[in-house]
Structure formats: C-alpha cells, structure tokens
Amino acid sequence: MSARDRAGGKLDRRRRTGSRPQLPVFHLYVEGEVTEVEYFSALRVRFRDTVTITIERAGGQPKVLVDEAVKGARQAARARRGDGHGENDQYWCVFDVEAPTFHPHLADALEAAGQAGVRTAVSNPCFELWLILHRKDQDAWLSTAQATEARRVCDSASTGVKHIPVEDYLSGDAVEHACQRAERLRGRHAGDGTRFPHDNPSSTVDLLIAALDDAAQPVAGSGRARP
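Here goes a summary of the coordinates provided.

Reading the values: the criteria
- Each chain has its residues counted from 1, following the order in which its sequence is written.
- Residues qualify for local features only when their pLDDT is at least 70, as the model is predicted, and side-chain atom pairs are given and counted only at 80 or more; totals for whole chains, interfaces and linings, by contrast, use all residues.
- The basis for the side-chain values is all heavy atoms of the structure; hydrogens and waters are excluded.
- Pairing of aromatic rings covers Phe, Tyr and Trp, the last through its six-membered ring, and needs centres within 6.5 Å; plane angles under 30 degrees mean stacked, over 60 mean edge-to-face, and all others mean tilted.
- Numbering of helices and strands starts at the N terminus; helices are DSSP runs of H or I of at least 4 residues and strands are runs of E of at least 2.
- To sort residues, take the accessible area from a 1.4 Å probe on protein chains only and compare it with the maximum for the residue type: under 20% means buried, over 50% means exposed, and anything in between is partly exposed.
- Any two strands between which DSSP finds at least two bridges are classified as paired.
- In this analysis, two residues are considered to be in contact whenever any of their non-hydrogen atoms come within 4.5 Å of each other.
- Under this scheme, a helix contributes an axis fitted over its contacting stretch, all axes are lines through C-alpha atoms, and angles between N-to-C directions fall in the 0 to 180 degree range.
- Helix span, expected: 1.5 Å multiplied by one less than the number of residues in the helix.
- The arc in question is formed by the directions pointing from the helix axis toward the C-beta atoms.

On to the packing of aromatic side chains. Considering all chains together, one arrives at three aromatic pairs under this definition. Seen in terms of ring centroids, Y39 and F127 are 5.5 Å apart; in terms of plane orientation they differ by 75°. Their pairing is edge-to-face. Of this pair, Y39 sits in helix α1 (residues 35-46) while F127 sits in helix α4 (residues 127-132), and the two are 88 residues apart along the sequence. In this pair, the class of Y39 matches that of F127, namely buried. For the ring pair F40 and F127, a centre distance of 5.8 Å and an interplane angle of 50° mean the geometry is tilted. Taken as a pair, F40 in helix α1 and F127 in helix α4 lie far apart in primary sequence, 87 residues in all.

Following this line, the structure appears as structure tokens:
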C-alpha cells in the first residue's frame, strides 16, 4: 500500500533512493469529522503533485485541536534538526466559533496557536458558512443551526445529512468565489469595528486556500502539473 493510499492520506516520510523531493505538507487538524474531512480530502485533487494535504486529527474542540497541532509541530521540528526535511510543512487548525453560544476557550486556542506558529482557519458560526460562500453571499448573522440548514438547501441534502457533494463545491470557480466573499466579509467587519468572536458571519478558510496556493507555486513553476 502506498503512502497516499493510507487512511487520512498521510505521507510516508521515509527517504527512498531516487525518489523525487518531498512536497510541502499541510497538516490539518479539523473540528468536524465528516464535512471538513470530505472537503479537504477532495481538495487534495486540486493540489495534486504540488502540495500534500493530510488530516492529522478530526474531531475535538478548538483548544484540543490546537494542543494536538502544537505537539505535532514540535515533534516534527525536533525530528528534522540537522536536515531541513519538512521545513516547508505547515500546521493548521480548522474549527468553528458556534452560535449562539461560543465554543469555550477560543481566545486561549488562538493565543496558543499563534505562539507556536500554528495557523488557524476559523468559521463563524461554523464550517457550513464557508460552504455557503461557494454558492452565494451571506451577510446576515446565522446560528449554527441556521447555517447548517442553509448549507443543506444549497446542495439539496436531506435533513440530518452531513455528507456533501464535494465535486459541486470544488468545481469551476466556486472556491475562488468563496475566497472573495470571505475577504469581503472581513473587510466589512473591519470597517464597522466588529471584532472576533462577534464577526458573524465570517470565515478565514480562504487564508488556508491562499497558503496552499502560495506553497504550490514554486512546485508548479518547476514543471510539475497543476490541475
């Protein structure tokens, strides 16, 4: 079984004689166990041959995810001392704010991530808002339940179904439109002085997409194919 065939798509980091250089690896720690996993697993196709995306952990509150990511990043840093292997890897936590009741310890999670160099992609109220932005603008405040239902309407899913038609969300310019809408929302909140975690609706998943694009560019420029 190849490294890419393993559950979670984790990369086998053992050196092989004559193997091509290791791609940048994005280690993702995601809150959701279904929707986020399906989305980022499918996103691997977009970055094939340029960036490796692994899902290191699915499930858990923000502070738990950050603690796991910090631990993983520190272990990797100790392991690569003296050889630079993996120096371009990035560690990201993808989690929600939730509404009307916020997740506990959000500020602690963000502070711990920032101090350790772990980056965050946060959706307010939840990841479903990021999916909605693939299809349309969303300017009004949403509860988590409302966002979940609005996402189901977007992809015509039955009530209670968490699985998503990822090919629809990742087709054409849908991701680019989501990034543009998320950026506009950030600009609106900045303009009216609304600060986290009260910046509902908002998402910084577009920053993760931008980081993936930036990491892919040097590899794509070396002649490896992009989708």
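There's more to say after this.
Bringing the sheet that holds strand β5 (residues 202-203) into the picture now. Read across the open sheet, the five strands follow the order β2-β1-β3-β4-β5; overall the sheet is mixed. In the strand order of this sheet, the two ends are held by β2 (52-58) and β5, each with one partner. In this sheet, strand β4 (residues 119-124) lies alongside strand β3 (residues 90-96) in parallel orientation, the contact comprising five bridges. Bridge assignment links W92 to a residue of β4, and that residue is R119. On top of the sheet, α1 reaches β1 (25-30), β2 and β3; it is set at about 165° to β2, its chief contact. Here helix α2 (residues 62-79) sits on the sheet in contact with β1, β2 and β3, set at roughly 175° to β3.

Between the first and last C-alpha of helix α7 (residues 174-192) there are 27 Å, a value that for 19 residues agrees with the 27 Å anticipated at 1.5 Å per step. Looking only at α7, the buried set comprises A174, V175, A178, C179, R181, A182, L185 and H189. End-on, the buried residues of α7 take up no more than an arc of 170°, which puts them together on one face. The outward face of α7, more than 90 degrees from its buried face, is lined by the exposed residues E183, A190 and G191. Count one or two residues on from α7 and you reach G193, which has phi positive near 80°.

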